[in-house]
Amino acid sequence: MEILYKSTRGNGETVTASQAILKGLADDGGLFVPTQVPALDVPVEKLAEMSYQEVAYEVMSRFFSDFTEEELKHCINSAYDSKFDTKEIAPIREADGAFYLELFHGATIAFKDMALSILPHLMITSARKNQIKNDIVILTATSGDTGKAALAGFADVPGTKIIVFYPKDGVSPIQKAQMVTQRGTNTHVVAINGNFDDAQTGVKKMFNDKALAAELAEAGYQFSSANSINIGRLIPQVAYYVYAYAQLVKKGELNVGDPLRVVVPTGNFGNILAAYYAKQMGVAIEKLICASNENKVLFDFFTTGTYDRKREFILTTSPSMDILISSNLERLIYQIAGSDEEKNRELMRELSENGAYTITDEMKAHLKDFAGGYATEEQTAQTIHDLYEKTGYVIDTHTSVAATVCKAYNAEHADGIKTLIASTASPYKFTRSVMNAIDPKYDDMTDFELIDELSVLSKTKIPQAIEDIRSAPVLHKTVAEVDGMEAAVKAFLQVK
Ligand SMILES: *Cc1c(COP(=O)(O)O)cnc(C)c1O
């Protein structure tokens, strides 16, 4: 069955999956959504015997129906390989009555690797399928984590180049070390004398510069973005929820058809939306629990039906969830509005003009598959502490937000339904917050002392991503002024 994609704000025009991946965002500013969510017509018993890569193929082939089997398998096998430190790719660990789906075994030890390791391959395949001969040049402005995950994903992928701009004094020392040690002849990392907004604005300007695009085309290049709203990032995330359910059946924890509760630490709403797609494909997910930190705009939305971004922005120990506009939520809004582009456009206009919108009662009734919860900073630290004391298992701050919400929800719903928690980062990525939660005595140690200590205490090996920062040579030393960004791009691409 062919699945096409249309914009959440468009006029109903459709594009193929490969075209949607190439475009990223629709021309009208909307997000691409599948015209229908395909059914997963493979028995769970069969999925339970498959490898991660095989399950990923079953899921992605349903959504990316214009890719050939050979193309898609090549993308999957190039993505989920030895860059991951376990053959299982996304292993499940049980602790204190919940199942943790560990999505942090890739190159940058956080869940964005699950999508960013395959996106470059999907993009370059999409380009060739659509007779685009140019090399794809990814431009990214980063405040830290996404830049590194994108660099790791695109490094040495033939037909692609990636240029990442970061604010010189606006990322953590570890984040900076991760980026400037990036290998790959097609990678370029540039420090900007400016803040994140300057970098972001500079990148947007280059994307919209028609003269620059023409110059690049002449030299055989075209720009693209690795933005989190690309369906080439969203759909690969559906795979691990299908895999997790099948693995729990294989382990005898679930019988086929048993309900599974899924709790997701949420920021941009991509990860939890992928779980919702898995449910719509036929996976027996009982409820999707959206867990927020103190920036609880989504919790308020799920409890009141009003989305209101007009509030103080709080810096928390789970920074990847410090978000007031969850861009992927638009896909859910569109769906619960009955795929009504008009209605969605109206709500998104209210959001950009007034900073808030309220959905109708009818739309709200369609949210029954979801529940929202949130965790305070204190609770988040307490959960890390308590879980470690009780089981020896150490989780990161983002995962702890979900674990905290999970515990409260299950206490209120003592129905014995098994729970899967999306574990989105390795504790080694947020070592200081994690160790401080376990014991305040660690306060005086340096970052690397803390890492060694975490290894001892959690009885886990220090991930390669961390070892790399300790020892790898600095390969990127370019610094540019804000108005020198374009020159930096041209110099790297040797244009003119
Ligand atoms: C990006 C991120 C999240 C939030 O995921 P969304 O898909 O944006 O909701 C949660 N935890 C970590 C560690 C992340 O990097």
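Throughout this document, residue positions are counted from 1 along each chain, in the order its sequence is written. In keeping with the model being predicted, local features are shown solely for residues with a pLDDT of at least 70 and side-chain atom pairs are shown and tallied solely at 80 or more, while totals for entire chains, interfaces and linings include all residues. Hydrogens and water molecules were not included; the side-chain quantities draw on all heavy atoms of the structure.

Trainee: Honestly, the sheet that holds strand β15 (residues 418-423) in this entry has me stumped. Any pointers?
Mentor: The pairing of strands in a sheet happens through backbone hydrogen bonds and is either parallel or antiparallel. Any two strands with at least two DSSP-identified bridges between them are counted as paired. Strands are runs of DSSP state E lasting at least two residues, helices are runs of H or I lasting at least four, and both sets are numbered from the N terminus onward. Pairing within the open sheet is mixed, and its six strands lie in the order β4-β5-β15-β10-β11-β14. In this open sheet, the two strands that pair with only one neighbour each are β4 (92-95) and β14 (370-374). Across this sheet, the average inter-strand angle for adjacent strands is 25°, counted without regard to direction. Bridge count for strand β11 (residues 285-292) against β14 is five bridges, and the pairing is parallel. The residue bridging Cys-290 from the neighbouring strand is Gly-372, located in β14. The axes are straight lines fitted to the C-alpha atoms, using for helices just the contacting stretch, and the angles between their N-to-C directions are given from 0 to 180°.

Trainee: Quick question: what am I supposed to make of the pairing of strand β6 (residues 135-141) here?
Mentor: Both faces of the sheet carry side chains from a regular strand, because those side chains alternate between them. The element β6 is extensively covered by neighbouring structure, given that six of its seven residues are classed as buried. Here six bridges tie β6 to strand β7 (residues 160-167), and the two strands are oriented parallel to one another. Following the sheet pairing, Leu-139 is matched in β7 by Ile-163. Classification remark: right-handed applies to a crossover when, strands pointing away from the viewer, the course from the first strand over the helix to the second runs clockwise. In this view, the connection linking β6 to its parallel neighbour β7 by way of helix α7 (residues 145-154) has right-handed handedness. Think of it in three bands: with a 1.4 Å probe and only protein chains considered, a residue is buried below 20% of the maximum accessible area for its type, exposed above 50%, and partly exposed in between.

Trainee: Would you explain the packing of aromatic side chains in this entry?
Mentor: Here a ring pair, both rings aromatic, is described through the centre-centre distance and the interplanar angle of the planes. Ring pairs shown here join Phe, Tyr and Trp side chains whose ring centres sit within 6.5 Å, with only the six-membered ring taken for Trp; geometry is labelled stacked below 30 degrees between planes, edge-to-face above 60, and tilted in between. Enumeration over the complete set of coordinates arrives at 17 aromatic pairs. Between Phe-301 and Tyr-307 the ring centres are 6.1 Å apart and the planes differ by 65°, which places this aromatic pair in the edge-to-face class. Both residues of the pair, Phe-301 and Tyr-307, belong to the buried class. Aromatic ring contacts, followed pair by pair, group Phe-269, Tyr-276, Phe-301, Phe-302, Tyr-307, Tyr-357 and Phe-370 into a single cluster. For a Lys NZ or an Arg CZ to count as sitting over a ring, it must be within 6 Å of the ring centre and within 35 degrees of the ring normal. Stacked on the ring of Phe-67, the Lys or Arg Lys-129 has its end atom at 5.6 Å from the ring centre. Positioned over the ring face of Tyr-374 is Lys-296, at 5.2 Å from the centre of the ring.

Trainee: Is there a simple way to think about helix α15 (residues 341-354) in this case?
Mentor: Take the residue count of a helix, subtract one, and multiply by 1.5 Å to get its expected span. Look at α15: 19 Å from first C-alpha to last across 14 residues, which is about the 20 Å you get at 1.5 Å a residue. The set of residues buried in α15 consists of Glu-341, Asn-344, Leu-347, Met-348 and Leu-351. Looking down the long axis of α15, one finds its buried residues gathered within 130° of arc, a one-sided arrangement. α15 presents Glu-342 and Glu-353 as exposed residues on the side facing more than 90 degrees away from its buried surface. Summarising the contacts, the buried residues of α15 are in contact with β1 (5-7), β12 (306-308), α14 (329-336), β13 (356-358) and α16 (361-365). Backbone nitrogen of Glu-342 and a side-chain oxygen of the N-cap are separated by 3.0 Å at the start of α15; the cap is Asp-340. The first or second residue beyond α15 is Gly-355, which carries a positive phi of 80°. What the arc describes is the spread of directions from the helix axis to the C-beta atoms. Residue contacts are defined here by distance: any two heavy atoms, one from each residue, within 4.5 Å place the two residues in contact. Whenever a nitrogen or oxygen atom comes within 3.5 Å of another N or O atom, the pair is scored as a polar contact, on the condition that within protein one atom can donate a hydrogen and the other can accept it, and that pairs from neighbouring residues in sequence are kept only if both atoms are in side chains.

Trainee: Explain the site of the ligand to me, please; I cannot follow it from the model alone.
Mentor: Neighbouring residues are identified by heavy atoms, a residue being near a molecule or strand if any of them is within 4 Å of it. Around the ligand lies a shell of 14 residues, among which Lys-112, Gly-267, Asn-268, Asn-271 and Thr-424 are the nearest. Within the side chain of Thr-424, an N or O atom sits 2.9 Å from a nitrogen atom of the ligand. Contact with the protein chains hides 95% of the accessible area of the ligand, taken as 380 Å² for the molecule alone. Of the residues that constitute the shell around the ligand, the class distribution is five nonpolar, eight polar and one charged. For accessible areas, the Shrake-Rupley method is used with a probe of radius 1.4 Å. Any residue's cover is judged against the shown protein chains and nothing else. Under the scheme applied, nonpolar residues are Ala, Val, Leu, Ile, Met, Phe, Trp, Tyr, Cys and Pro; charged residues are Asp, Glu, Lys and Arg; polar residues are all the others, including Gly.

Trainee: Sorry, what's going on with the pairing of strand β8 (residues 187-193) here?
Mentor: The buried count for β8 comes to six of seven residues, which makes it a mostly enclosed element. In this structure, β7 lies alongside β8, joined through six bridges in parallel fashion. By the bridge assignment, Phe-165 is partnered in β8 with Val-190. Pairing geometry for β8 and strand β16 (residues 479-481), over three bridges, is parallel. If you follow Asn-193 over to β16, its bridge partner there is Glu-481.

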